[in-house]
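# Summary of the model geometry
Residues per chain, in single letters:
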Amino acid sequence: MLILVVISIALMIFDTRLTSLIKVRSTLSVTLLPLQYLVSTPIEMIDKIRRTISAHDALIKENLNL
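Read on for a plain summary of the structure.

We now examine the environment of Asp-47. Mapped onto the elements of the fold, Asp-47 is located in helix H2 (residues 21-65). Here the alpha-carbon distance between Asp-47 and Leu-18, two residues 29 residues apart in the chain, equals 39 Å. Side chain to side chain, Asp-47 and Arg-51 meet in a polar contact 2.6 Å long.

If you want it as structure tokens, here you go:
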């Protein structure tokens, strides 16, 4: 775990000081975008379902109160 933290900090420092990493970062972001979308889609769908159920429950409670 500590090794990953050190590597992360080193990469952040190199990223701010070296302009040659701009192309690498750009290439990685374009390459990994489909993977990021694939991972985030189910999470967003679950969150949307949770919000819908919460809204439905709130409406039922409000109707019962009326």
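This part is about a nonpolar patch on the surface. Judged by side-chain polarity, Leu-2, Val-5, Val-6, Ile-9, Met-12, Ile-13, Phe-14 and Leu-18 come together as a nonpolar surface patch covering roughly 750 Å² of accessible area. By the element assignment, Leu-18 lies in the loop between helix H1 (2-17) and H2.

Another aspect to go through is the pattern of salt bridges. Evaluation of the coordinates by the stated rule reveals three salt bridges. Between Asp-15 and Arg-25 there is a salt bridge; the shortest N-O distance is 3.1 Å. On the criterion of sequence distance, the pair formed by Asp-15 in helix H1 and Arg-25 in helix H2 is long-range, its members being 10 residues apart. Residue Arg-50 is joined to Asp-47 by a salt bridge in which the shortest nitrogen-to-oxygen separation is 2.6 Å. You can see Arg-50 and its partner Asp-47 sitting in helix H2, three residues apart, about one turn around the helix. When salt bridges that share partners are traced, they join Asp-47, Arg-50 and Arg-51 into one network.

So, how was this worked out
- In this convention, every chain numbers its residues from 1, walking through the sequence in written order.
- Note on the predicted model: pLDDT of at least 70 is required for a residue's local features to be given, and 80 or more for side-chain atom pairs to be given and counted; whole-chain, interface and lining totals, by contrast, use all residues.
- Heavy atoms throughout the structure, all of them, feed into the side-chain values; hydrogens and water do not.
- A helix here means a DSSP run of H or I that spans at least four residues, while a strand means a run of E at least two residues long, and both kinds are numbered starting from the N terminus.
- Contacts described as polar in this section are N or O atom pairs within 3.5 Å, which, within protein, must combine one atom able to donate a hydrogen with one able to accept it, while residues neighboring in sequence count only if both atoms come from side chains.
- Every patch collects residues that have over 30% relative accessible area and no salt bridge, joining them within 9 Å if they carry like charges and within 5 Å if they are nonpolar side chains (Val, Leu, Ile, Met, Phe, Trp, Tyr).
- Each accessible area value is a Shrake-Rupley result obtained with a 1.4 Å probe; residue values ignore everything except the protein chains displayed when judging cover.
- Salt bridges are defined by distance alone: a side-chain nitrogen of Lys or Arg within 4 Å of a carboxyl oxygen of Asp or Glu.

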